[in-house]
Amino acid sequence: MTCELAVNCPHFNEGPCVRPQTAALFKARYCRGNRHQCARYAIYEQLGREAVPPDLPPNEHLRAMVILRGARSGIRPALR
Ligand code: SF4
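On a predicted model such as this, the values are computed, not experimentally measured, just so you know.

J.: What is the right way to read the environment of Leu-62 from this model?
T.: Locating Leu-62 in the fold gives a position in helix α4 (residues 61-73). Accessibility expressed as a C-beta count within 10 Å gives 10 for Leu-62, which makes it exposed.

Shown next as structure tokens:
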């Protein structure tokens, strides 16, 4: 089943910062595969849609972890 965020997810619809082959891989692995392994989806699940940075690729798990840890401790990370 395709991720329920796909309609408005920039990485599903445009693949803003990756080559077409990489975007296709992301879609197969995360969007149509296992969304629970997607870094964007992890932030959405815990903090809501508004907290997901538009430019965060689905495979940037370290950045997602920093955002999630910062949210838990009340610190907003300055990572982009
Ligand atoms: S990139 Fe992640 S959040 Fe976006 S549609 Fe794919 S699985 Fe869902």
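J.: Whenever I open this one, the packing of helix α3 (residues 39-47) against α4 confuses me. Can you help?
T.: Two quantities define a packed helix pair, namely the angle between the axes and the distance from one axis to the other. At a closest axis distance of 8 Å, the pairing of α3 and α4 adopts a crossing angle of 15 degrees. Our classification of the angle between α3 and α4 gives roughly parallel. By crossing handedness, the relation of α3 to α4 is classed as right-handed. The segment α3 lies against α4, with Ala-39, Ala-42, Ile-43, Gln-46 and Leu-47 engaging His-61, Arg-63, Ala-64, Ile-67, Leu-68 and Ala-71.

Here is what the cut-offs are and how they apply
- Residues numbered from 1 in each chain as written.
- Predicted model: local features only at pLDDT ≥ 70, side-chain atom pairs only at ≥ 80, totals over all residues.
- Helix = DSSP H or I, 4+ residues; strand = E, 2+ residues; numbered from the N terminus.
- Buried ≥ 20, exposed ≤ 12 C-beta atoms within 10 Å, placed from the backbone.
- Axes fitted to C-alpha atoms, helices over the stretch in contact; angles between N-to-C directions.
- Parallel < 35°, antiparallel > 145°, perpendicular 65-115°, else oblique.
- Left-handed = near helix turned anticlockwise from the far one by under 90°.
- Contact = placed C-beta atoms within 7 Å.

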